[in-house]
Amino acid sequence: SLVNEPGVDGVALHQYTQPTHEQAHMVFLQDADTKEAFDSNGRADHAFLTGTPKIDALLEAKDKVEPAWPIDRTLSDGTKPKRVIWAPHHSYGASWLNFGHFTNQKDSMFEYAQDHPDIDFVLRPHPFLFGTLTGRDLMTPDELTDWRMKWDSLPNTFTDIDGPFTSLALASDVMITDGVSFIAEYPLVTRKSVIFWEKPDHWEFSPLGKIAAATTHTVSSMQQVVEALELAKAGKLAPKVQEIDALIKAVRPGKTSAATAIVSLVLDDYASDKGD
């Protein structure tokens, strides 16, 4: 829901015009723009703005989840290294999203990690990333294996494929990503913004996506990534508090949890005998 289809101005059509949207008696929605799209499509009486349980879980993680970091090191001065998540996306072509550019990042990120043993780096790839790289001939299997072996051989690096995201996020100091959902999910969990390594010509953000993108520190080169990391190490990366508050307001519209709101609406509808 953060990204639009090419040529669409506003909410992407697949968010509100699919057969299930047209036929469902009740549809529960995450954000006000999508609710407005349902209303304009003649479904106002069947669409309800509630937020989603996933968003609630992300917002509540800080109080319910234990931070966990997969690298356990102490520096020579007795301090812990700074902790960076690097989260590249899998979308490599104009036909679908077009955010990912791992092949343009991998060597410079490896070199930076190698030259900065005072920082821990956890690579958190999109689950489709490695398959996309080899399946679309962006890298051969041998090239990918060789790069991963080099990366994982460093004492300050780790590759986390499917560990709990919230635990990892809460243990980190900052995230670098070129991806989509993490620009919203990371600040919802941590109340900190990401360093968004933007790829030119990616699909346009939706109205909600623009709110999420405003929370980021957007960069376009490795040099700018390094500059942002140096600010983060020094605790001087702008916190983007107002922008993150605006994101939270946009994705959690109600005073109660989404689950509570949904159950209440279903019970009220059943009691009113309007359902079939």
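Residues numbered from 1 in each chain as written. Predicted model: local features only at pLDDT ≥ 70, side-chain atom pairs only at ≥ 80, totals over all residues. Heavy atoms only, no water.

K.L.:
A description of the overall build of the protein chain should follow, citing residues and the corresponding values.
P.N.:
Within the protein chain one finds 12 helices and 8 strands. Relative to the 2.2 N^0.38 estimate, which gives 19 Å for 276 residues, the radius of gyration of the protein chain is 21 Å and therefore close to what a compact globule would have. When the 276 residues of the protein chain are sorted by exposure, 48% land in the buried category. Summing over all exposed atoms, the protein chain offers an accessible surface of approximately 13900 Å²; the carbon and sulfur share of this is 53%. Charge centroids of the protein chain, computed over 25 positive and 40 negative side chains, lie 5 Å from each other. (Helix = DSSP H or I, 4+ residues; strand = E, 2+ residues; numbered from the N terminus. Rg over C-alpha atoms; globule rule 2.2 N^0.38 Å. Buried < 20%, exposed > 50% of the residue type's maximum accessible area, 1.4 Å probe, protein only. Areas by Shrake-Rupley, 256 points an atom, 1.4 Å probe, with all protein chains shown as cover. Lys, Arg positive; Asp, Glu negative; His and termini not counted. Charge placed at Lys NZ, Arg CZ, Asp CG, Glu CD.)

K.L.:
Give a description of helix H4 (residues 106-115) that names residues and reports values.
P.N.:
Listing the buried residues of H4 in full gives Lys106, Met109, Phe110, Tyr112 and Ala113. Angularly, the buried residues of H4 cover 165° about the axis, an arc narrow enough to put them on a single face. (Arc of directions from axis to C-beta.)

K.L.:
Got a sec to walk through the pattern of salt bridges? Specific residues and values, please.
P.N.:
Tallied over the entire structure, the rule returns 11 salt bridges. Between lysine 54 and glutamate 185 there is a salt bridge, and its shortest N-O distance comes to 2.8 Å. Taken as a pair, lysine 54 in helix H3 (residues 53-64) and glutamate 185 in helix H8 (residues 182-190) lie far apart in primary sequence, 131 residues in all. Taking relative accessible area as the criterion, glutamate 185 reaches 12% and is therefore assigned buried. A salt bridge links lysine 64 to glutamate 60, with the shortest nitrogen-to-oxygen separation between them at 3.2 Å. (Salt bridge = Lys/Arg side-chain N within 4 Å of Asp/Glu carboxyl O.)

K.L.:
If you had to explain the side chain of serine 167 to someone new, which residues and values would you point to?
P.N.:
Residue placement: serine 167 occurs in helix H7 (residues 165-171). Once residues within four sequence positions are removed from consideration, serine 167 is found in contact with Val65, Glu66, Pro67 and Ala68. (Contact = heavy atoms within 4.5 Å.)

K.L.:
Tell me what's going on with the packing of aromatic side chains, and back it up with residues and numbers.
P.N.:
What characterises a pair of aromatic rings is the spacing of the ring centres plus the angle enclosed by the ring planes. Under the counting rule described, the total for this entry stands at 14 aromatic pairs. Between phenylalanine 165 and phenylalanine 182, the aromatic rings sit 4.6 Å apart at their centres with planes inclined by 25°, giving stacked as the arrangement. Note that phenylalanine 165 is positioned in helix H7 and phenylalanine 182 in helix H8, a separation of 17 residues in sequence. Across the pair, exposure class does not vary: phenylalanine 165 and phenylalanine 182 are buried alike. In this structure an aromatic cluster arises from ring pairing among Trp86, Phe102, Tyr112, Phe121, Trp147 and Trp151. The ring of phenylalanine 110 is capped by lysine 150, whose NZ or CZ atom sits 4.7 Å from the centre of that ring. (Phe/Tyr/Trp six-rings, centres within 6.5 Å; stacked < 30°, edge-to-face > 60°. Lys NZ or Arg CZ within 6 Å of the ring centre and 35° of its normal.)

K.L.:
Let's hear about helix H11 (residues 241-251): which residues, and what values?
P.N.:
Within H11, the full set of buried residues consists of Ile244, Leu247, Ile248, Ala250 and Val251. Buried residues of H11 fall within an arc of 165° about the axis and therefore sit on the same side. Facing away from the buried side of H11 by more than 90 degrees, the exposed set consists of Gln242 and Lys249.

K.L.:
Lay out the pairing of strand E3 (residues 82-87) in plain terms, naming residues and giving numbers.
P.N.:
The pairing of E3 with strand E4 (residues 119-123) spans 5 bridges and is classified as parallel. Residue pairing for E4: lysine 82 is matched across the bridge by isoleucine 119. Here E3 pairs with strand E6 (residues 174-177) via 4 bridges, running parallel. Bridge pairing in E6 links alanine 87 to threonine 177. (Pairing = 2+ DSSP bridges.)

K.L.:
Can you explain the nonpolar core? Please cite residues and give values.
P.N.:
Leu2, Met175, Ile183 and Leu188 are the most contacted members of the largest nonpolar core, which totals 38 residues. Counting residues per element, the ones that place at least two in this core are H3, E3, H7, H8, helix H9 (207-213) and H11. For this core, the element with the highest residue contribution is H8, accounting for 6 residues. Counting residues in each nonpolar core, the second largest holds 29 residues, with Val84, Tyr92, Phe130 and Ile176 among its members. (Core = buried A, V, L, I, M, F, W, Y, C linked by side-chain atoms within 4.5 Å.)

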